[in-house]
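# A closer look at the structure
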Amino acid sequence: MLAFWSVSFVLLCVWRFSYAQYDHLGYLPGYQDPAQDLYTVPELPKDMPRVPLRLAGEKRKHNEGRVEVFYEGEWGTVCDDDFTIHAAQVVCRELGYFEAVSWFPSSKYGKGEGRIWFDNVHCTGNERSLAQCESNGIGVSDCKHTEDVGVVCSDKRIPGFKFVNTLTNNINSLNIQVEDVRIRPIRSSYRKRIPVTEGYVEVKDGGKWKQICDDEWIQMNSRVICGMFGFPGDKRYNTRVYKMFARRRKPTYWDYSINCTGNEAHLSSCKLGHMLSIKANSTCEQGSPVVVSCVPGRAFAQTPMAGYKKAFRQEQPLVRLRGGAVVGEGRVEVLKNGEWGTICDDNWNPVAATVVCRELGFGSAKEALSGGQLGQGMGPVHMNEVKCSGFEKSVTECPFSMDKDSEGCSHEEDAGVRCNVPAMGFQQRLRLSGGRNLFEGRVEVLMERNGSLVWGTVCGEGWGTMEAMVVCRQRGLGFASHAFQETWIWPGAVNAVSVVMSGVRCAGTEMSLSHCLHHGEYLSCPKGGSRFAAGVSCSETAPDLVLNPQVVEQTTYLEDRPMFMLQCAYEENCLGSTSSYIPANSYQSDYTNNIVKCRCRYDGHRIWMYNCHIGGSFSAETEDTFPGLINNQVTHR
């Protein structure tokens, strides 16, 4: 990790990923500007050593890991004896995170190396450093590395946080330290585009936005910037236009250069280059401000008429994501010999996960998930011990192993990913109102009516689970638990009483409710939208059942019931008008027990189930063989 500094102290890089680049669009009204509340390093007693911390270990995110301490020139660990959430709070705050979420004993993130510097740590949670907490004393411990403690910190960072590092003998390992990063559109044609794909790369340092001199900027740096903002690649741009802008208004340059390999998930993971000799901080001797132009994935590109003609497109559908609650996350499945299968998580890492993300038209991977965290798949395990360089076009091009030793991989080890996706502003155009908590309520959308944007309700007629799934995804609330066609129990907002959307029909995979089929300006909602407005209840996790349609086909049977036992079904309108077919609405709009949709045939004595599909398996190809999938109408002969 290359870095050169002549001063006696060094700032260790910390990253706070945010959507600051979209401030001008008003997407985050509650965004707190770090310049308003800059973090200052807490003062410690003169006799108290400043002990640097870091998070390390296996299969982790940036804000979690094994707690490691640097003392007397050596990195060591902390024992889990007497460790509490209060100690975790001190660690997280010292590392620049807003708070601690949880902590784990027994080397959850793998066994560390070296000394165990702290044991029997007792913190109140108000200490400014872990070294201030009571303990056996630095280096006094009877623990083993099987007792190394780990913490999980919040994603939210302390505004303006900078970690002062005194490790002057370890300069080459330092990464970039900035408060924030953004792509700021300069050309008028790009200012109104969503997502923002082209503009100056700016970093916030000391509460001020600064440009980067392009003297030593390389294409790999642009690749990382585009990846962290959700784009699979970058492209050329008109340099002459931006040089003209730079001449009109003199930029304020950042003091350092950047050196990325192209595989980093965030700018914070790149290496810090040498200090630039920028005269009066206003010019860059042989260049101008860094500009990136990113290529959006197909799902995030505007129409060809409006630009983005070269939007990233997947050449062959060899890879897909399943089981994720939001766009850009899911269990990784690959197609081999005409059969979809999964990838075993042995050696699964962010580099391989990023190959998957970019292949599917997203940015770099935020997380490489293991242990079937996003649901267990079905069918074969096609790949194991995947080793990618990071520049493959498809994960199927990466070397992997499927020898006899790896045949024991089960679906409990299915690999998954969470990818960076562009900020589209969808979440701010929909809200849930009147619920008991953030995960439920009446659906209210922001729509254009008579030239202005107004909040209103969605007609509940025909509202079902697929539509509710889109709402929960759009709000970032996970999966739909229930879909409600009546919401009289939720009063909703007083400024959203009129119906502004009706006739909504979703496949369940759309990123926004506005992407679903629906009536245009001419609404049709016979019952109105007050008590009959659409509502949802969301769940952070998916059902834990794994349905096998083939088993459903083989085990379905018809059970005779006396008519008086069908009173509830009759009152709920679940009985068919004739006995010649199973009614279309024969199940509640609910994911509590999962749903399998099947073709069925009933002759009055027997019932046959065939062509079964899991409820979320809607696609064009399944619709061709199962035309009733979109409206649940069962074909009868």
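So, how was this worked out
- Once a new chain begins, its residue numbering starts again from 1 and follows that chain's sequence as written.
- Residues qualify for local features only when their pLDDT is at least 70, as the model is predicted, and side-chain atom pairs are given and counted only at 80 or more; totals for whole chains, interfaces and linings, by contrast, use all residues.
- Computation of side-chain values covers all heavy atoms of the structure but excludes hydrogens and water.
- UniProt positions are given in the numbering used here, feature names are shortened, and annotations may be inferred rather than shown by experiment.
- Any two of the Phe, Tyr and Trp rings considered here, Trp counted by its six-membered ring, make a pair once their centres fall within 6.5 Å; the pair's planes then place it as stacked at under 30 degrees, edge-to-face at over 60, or tilted in between.
- Here the term buried applies to any residue with accessible area under 20% of the maximum for its type, exposed to any over 50%, and partly exposed to those in between, with areas from a 1.4 Å probe on protein chains only.
- Secondary structure elements are taken from DSSP: a helix is a run of H or I of four residues or more, a strand is a run of E of two residues or more, and numbering for both begins at the N terminus.
- Only when the NZ atom of a Lys or the CZ atom of an Arg is both within 6 Å of the ring centre and within 35 degrees of the ring normal do we say a charge sits over the ring.
- What the arc measures is the spread of directions leading from the helix axis to the C-beta atoms.
- Two cysteine sulfurs form what is called a disulfide whenever their separation falls within 2.5 Å.

An unreviewed UniProt entry annotates the chain as Lysyl oxidase homolog originating from Sinocyclocheilus grahami. Quoted straight from UniProt, the Cofactor (unreviewed entry) entry for the chain says "Cu cation". According to the UniProt record, the Catalytic activity (unreviewed entry) comment for the chain reads "L-lysyl-[protein] + O2 + H2O = (S)-2-amino-6-oxohexanoyl-[protein] + H2O2 + NH4(+)".

Taken as a whole, this structure holds 10 aromatic pairs when the rule is applied. Measuring from ring centre to ring centre gives 5.5 Å for Trp 254 and Tyr 256, while their planes differ by 80 degrees; the resulting arrangement is edge-to-face. The exposure class of Trp 254 is buried, given its relative accessible area of 2%. Classification of Tyr 256 as buried rests on a relative accessible area of 10%. With a centroid separation of 6.1 Å and 65 degrees between ring planes, the pair formed by Phe 300 and Phe 362 is classed as edge-to-face. On the criterion of sequence distance, the pair formed by Phe 300 in the loop between β15 (291–295) and β16 (319–322) and Phe 362 in the loop between α5 (350–359) and β19 (365–369) is long-range, its members being 62 residues apart. Each member of the pair Phe 300 and Phe 362 is classed as buried. Put simply, the rings of Tyr 200, Tyr 237, Tyr 242 and Phe 245 pair up and form one aromatic cluster. Positioned above the aromatic ring of Trp 75, the side-chain terminus of Arg 54 is 4.0 Å from the ring centre. Cation over ring: Lys 108 sits above Phe 104, and NZ or CZ is 5.0 Å from the ring centre.

Once that is clear, we can look at helix α4 (residues 239–248). Inspection of α4 places Val 241, Tyr 242 and Ala 246 among the buried residues, and these make up the whole buried set. With its buried residues spanning 140 degrees around the axis, α4 presents them on a single face. Facing away from the buried side of α4 by over 90 degrees, the exposed positions are Arg 240, Arg 247 and Arg 248.

Let us now look at the state of the cysteines. The tally for this structure, following the rule as stated, stands at 11 disulfides. Put simply, Cys 357 and Cys 419 are joined by a disulfide, and their sulfur atoms are 2.0 Å apart. Torsion about the S-S bond of the Cys 357 and Cys 419 cystine: about -80 degrees, corresponding to left-handed handedness. One end of the pair, Cys 357, is in helix α5; the other, Cys 419, is in strand β21 (residues 416–419), with 62 residues separating them in the sequence. Residue classification places Cys 357 among the buried residues on the basis of a relative accessible area of 0%. Relative accessible area serves as the criterion here: at 3%, Cys 419 is assigned to the buried category.

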